[in-house]
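Notes for the structure review
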Amino acid sequence: MLGNQLHDAHECHRLGVFDEVVEPDAVIPRALELATEMAAMPGGVYSLTKRELRAETTARLREAAAKDPLLDRWVSEAS
C-alpha cells in the first residue's frame, strides 16, 4: 500500500488487501448484505473480536507513542 504500484481488484484480492471482489453493479447490494449480517451480530462480541484482531498492532503503536508523543493521539482509547 505504501509503494507506488497500482494493482487491479483481482490482484488486490490475491494479495489479501481485499476480502472479496464483486462486479460494479453488485457492490451496493453486497455491502448491504454484509452490513445486515454484521448488524445481526451481538455488539459486544463484534467489538471484542475487533479489539482482539487489532491488539498486536495497537500494542506496537502504544509502544511507539511512548517514545514519540506526536503519535499519542493515534493510540488513544478511542482507536
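Note: the structure precedes this text.
Residues numbered from 1 in each chain as written. Predicted model: local features only at pLDDT ≥ 70, side-chain atom pairs only at ≥ 80, totals over all residues. Heavy atoms only, no water.

**Some remarks on the pattern of salt bridges**
Any two side chains of opposite charge can pair, so long as their charged atoms come close to each other. Heads up, the condition is: Throughout this description, the term salt bridge denotes a Lys or Arg side-chain nitrogen within 4 Å of a carboxyl oxygen of Asp or Glu. Secondary structure elements follow DSSP: runs of H or I no shorter than four residues count as helices, runs of E no shorter than two count as strands, and numbering proceeds from the N terminus. Burial status follows relative accessibility: with a 1.4 Å probe on protein chains alone, a residue under 20% of its type maximum counts as buried, one over 50% as exposed, and anything between as partly exposed.
On inspection of all chains with the given rule, the structure shows 5 salt bridges. R14 serves as the salt-bridge partner of E11, at 2.7 Å between the closest nitrogen and oxygen. With E11 and R14 both in helix 1 (residues 9-15) and 3 residues apart, this pair spans about one turn of that helix. Overall, the relative accessible area of 25% leaves E11 in the partly exposed class. Given a relative accessible area of 58%, R14 falls into the exposed group. In this structure, R30 and E33 form a salt bridge, with 3.1 Å as the shortest nitrogen-oxygen distance. Of the two residues, R30 and E33 both sit in helix 2 (residues 27-40), 3 residues apart, roughly one turn of that helix. Judged by relative accessible area, R30 falls into the partly exposed class, the value being 21%. Through salt bridges that share partners, E20, R30 and E33 make up one connected network.

The quantities given are spatial measurements derived from coordinates; they are silent on function.
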